[in-house]
Amino acid sequence: MESTLKDIRGGESVLDLSPRSTVGGGVEDVYGEDRATEEQLVTPWVASVASGYNLLRDPRYNKGLAFTDKEREAHYLSGLLPPVVVSQELQEKKLMQSIRQYEVPLHKYVAMMELEERNERLFYKLLIDNVEELLPVVYTPTVGEACQKYGSIFKRPQGLFISLKEKGKILEVLKNWPERAIQVIVVTDGERILGLGDLGCQGMGIPVGKLALYTALGGIRPSACLPITIDVGTNNEKLLNDEFYIGLKQKRATGKEYYDFLHEFMTAVKQNYGEKVLIQFEDFANHNAFELLAKYGTTHLVFNDDIQGTASVVLAGLVASLKLLGGTLADHTFLFLGAGEAGTGIAELIALEMSKQTKLSVGETRKKIWLVDSKGLIVNSRKESLQHFKQPWAHEHEPVRNLLDAVKAIKPTALIGTSGVGRTFTKEVIEAMAAFNEKPLIMALSNPTSQAECTAEEAYTWTEGRAIFASGSPFDPVEYEGKVYVPGQANNCYIFPGFGLGLVMSGAIRVHDDMLLVASEALAKQVTDEHYARGMIYPPFSNIRKISAHIAASVAAKAYELGVATRLPRPADLVKFAESCMYTPNYRSYR
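About the cut-offs
- Residues numbered from 1 in each chain as written.
- Predicted model: local features only at pLDDT ≥ 70, side-chain atom pairs only at ≥ 80, totals over all residues.
- Heavy atoms only, no water.
- Helix = DSSP H or I, 4+ residues; strand = E, 2+ residues; numbered from the N terminus.
- Rg over C-alpha atoms; globule rule 2.2 N^0.38 Å.
- Buried < 20%, exposed > 50% of the residue type's maximum accessible area, 1.4 Å probe, protein only.
- Contact = heavy atoms within 4.5 Å.
- Areas by Shrake-Rupley, 256 points an atom, 1.4 Å probe, with all protein chains shown as cover.
- Lys, Arg positive; Asp, Glu negative; His and termini not counted.
- Charge placed at Lys NZ, Arg CZ, Asp CG, Glu CD.
- Salt bridge = Lys/Arg side-chain N within 4 Å of Asp/Glu carboxyl O.
- Phe/Tyr/Trp six-rings, centres within 6.5 Å; stacked < 30°, edge-to-face > 60°.
- Pairing = 2+ DSSP bridges.
- Right-handed = clockwise from strand over helix to strand, strands pointing away.
- Axes fitted to C-alpha atoms, helices over the stretch in contact; angles between N-to-C directions.

J.: Any details on the overall build of the protein? Residues and values, ideally.
T.: In terms of helices and strands, the protein carries 25 helices and 14 strands. For 591 residues, the compact-globule estimate of 2.2 N^0.38 gives 25 Å, and the C-alpha radius of gyration of the protein, at 24 Å, lies within 12% of that figure. Over its C-alpha atoms, taken along the principal directions, the protein stretches across nearly 75 × 60 × 60 Å. The buried share of the protein, taken over its 591 residues, is 59%. A fraction of 73% describes how many contacts in the protein between residues 6 or more apart in sequence connect residues 24 or more apart. When the accessible surface of the protein is summed, it comes to about 24,400 Å², and 50% of that surface belongs to carbon and sulfur atoms. Put simply, the protein has 64 plus and 72 minus side-chain charges, and the middle of one group is 2 Å from the middle of the other.

Here's what the structure looks like:
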């Protein structure tokens, strides 16, 4: 992956630590009060102890009926609450009963967001303790519908909206956010939300959801997380004509105007929060995603979950599946449907891992990987007309127009879908895979569920129960001829929370491909023989905090090895250190 990005940036490596675009700040006098003259305006920031009615309205400290009698007396809460005192566990039980009564997933999503706005610790307690049940509610697939209807369900700000109106004053806008010690920013421009397309400003549901998972699954404290939506307009005519749309009602800015605005944003973030803030790009369109990752990879701590996170979690599934398939990665042939940022990112990381194992060049290992886009198989004869990120995948072969013919021609052992188009793995395609593979590996990765290339039931049925299946969105277990198959979910949530924790706890200042490889390997190692016996190639989400700690430790170790970690001395036991860094949502006692 780094080799592709190096080509875009003219040969410069992440480890070169380029001084370009480097700015100061991020530690002292963040708001400029000390540097201001008497004539200059400053922001009147005030800190005070919450009590009484204000304490009940502060989601970070509110405990509802869990305030003890002593706390109620000390903090002027007497009479503001019913007299009963309940435990956090009883509150959790009551809320889960309430949420389970909703039949519509979006109603569950709204209920969870309302809980976060009134009682932050209880929100995360619910999410951590019921992660397998609530993950599809707060993130994919429900978050897709939430983004589509965000204008209607929006009630109060959960992050920063930075629009073209703020051009020239983005630094001042960042200072409006009340938290100063930000460690992770997730930012989107809303142009390619999941498989739903351009949702403009309403894409805010994605950064909000991702950062909730950073906290619940990776232990990053909520106050250190900042969701941001960059609003440069939208090309979605339906939204432009929607009276309830909450964003700029204009066509998307492009070209120099777009990149100048993003550059001001990136510079302001670094100036305000320093060198070690992680900026995660989320759901940017292909034509911008690679450019931004290449441009800022050598000057900022940046990570694109669609390119790098997806690649890492899929590679982990492939490494784990070798226990069922046999052989090494280099013994297998991979065919992708979809050649965008996800598909090419996954392909590049597979090639890197094969190169690492075989000592062959990445150019050689790429030959085991084939991609199909909307025009057919990517081959040499098409090279001149291909976008730059597709060109490394143009191999010598006669043109092939469709997926079925490509499967028959290439005879892959693994079929991977990143197309964003539902039901493209047809019965004929799956049966063709089953014809020459004893255990065909089928990965239908597109989100949300409606966009999945095939369902788990289709994969198992059409292969007569022989498929090893994983998807991007969750599917229920499938019974076929008396046997129950548990489909894997190649969910980025396995990787990015632990990956981000590893960067934060080591004080890393750059992201390198080797960190992605060790994250994949750490995840694959969490799959046990018991999981394999059920056909699983990913561990259950119920162990996700433990998994994240091991991933964080591996990423941090690699950061120290590469010389990009700044937290010194290096902790002796990185797994224990990761666990000690994790935020826990249990209530605290107040003086």
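Now that the structure has been shown, we can carry on.
J.: Got a sec to walk through the pattern of salt bridges? Specific residues and values, please.
T.: What the rule picks out here adds up to 25 salt bridges. The partner of Glu 275 in a salt bridge is Lys 270, with the nearest N and O atoms 3.2 Å apart. For Lys 427, the salt bridge goes to Glu 431, with nearest N and O atoms at 2.6 Å. With Lys 427 and Glu 431 both in helix 19 (residues 427-435), this residue pair falls four residues apart, about one helical turn. A relative accessible area of 38% places Lys 427 in the partly exposed class.

J.: Summarise the packing of aromatic side chains; cite the residues concerned and give the values.
T.: The full count for this structure, using the stated rule, is 16 aromatic pairs. Their ring planes at 70° and their centres at 6.3 Å tell us that Tyr 61 and Tyr 590 sit as a pair that is edge-to-face. Note that Tyr 61 is positioned in the loop between helix 2 (52-56) and helix 3 (69-74) and Tyr 590 in the segment after helix 25 (574-581), a separation of 529 residues in sequence. When its relative accessible area of 38% is taken as the criterion, Tyr 61 is described as partly exposed. Residue Tyr 590 is classed as partly exposed on the basis of its relative accessible area of 21%.

J.: If you had to explain the pairing of strand 3 (residues 225-231) to someone new, which residues and values would you point to?
T.: Among the seven residues of strand 3, seven are classified as buried, and the element is accordingly described as predominantly covered. Alternating residues of strand 3 divide into Cys 225, Pro 227, Thr 229 and Asp 231 and Leu 226, Ile 228 and Ile 230, and every residue in both groups is buried. By the bridge criterion, four bridges tie strand 1 (residues 160-163) to strand 3 in an arrangement that is parallel. Within the sheet, the bridge partner assigned to Ile 162 lies in strand 3 and is Ile 230. Note: strand 2 (residues 184-188) against strand 3, five bridges, orientation parallel. Paired with Val 186 across the bridge in strand 3 is Pro 227. For the crossover from strand 2 across helix 11 (residues 205-218) to strand 3, the handedness is right-handed.

J.: Help me get a handle on the sheet that holds strand 1, residues and values and all.
T.: Pairing in this open sheet of five strands is parallel, and the strands run 1-3-2-4-5 from one edge to the other. Lying at the two open borders of the sheet, with one neighbouring strand each, are strand 1 and strand 5 (302-304). Shown here is a sheet whose adjacent strand axes are inclined to one another by a mean of 25°, direction ignored. In terms of strand pairing, strand 4 (residues 278-281) meets strand 5 through three bridges, oriented parallel. Note on strand 5: the bridge partner recorded for Ile 279 is Val 302. Packing of helix 13 (residues 255-273) onto the sheet brings it into contact with strand 1, strand 2, strand 3, strand 4 and strand 5, and relative to strand 3 it is tilted by some 160°. Against the sheet, helix 14 (residues 286-296) touches strand 4 and strand 5, its axis set at about 160° to strand 5.

J.: Run through unusual backbone geometry, naming residues and quoting values.
T.: The peptide bond linking Thr 140 to Pro 141 adopts the cis configuration, its omega dihedral lying at 10°. Secondary-structure assignment places Pro 141 in the loop between helix 7 (131-138) and helix 8 (142-148). Positive phi, close to 60°, is recorded for Arg 423, a residue that is not glycine. In this structure, Arg 423 sits in the loop between strand 9 (414-417) and helix 19. The exposure class of Arg 423 is partly exposed, given its relative accessible area of 43%. The phi angle at Glu 481 is positive, at roughly 50°, despite the residue not being glycine. With respect to the helices, strands and loops of the structure, Glu 481 is situated in the loop between strand 12 (478-480) and strand 13 (483-485).

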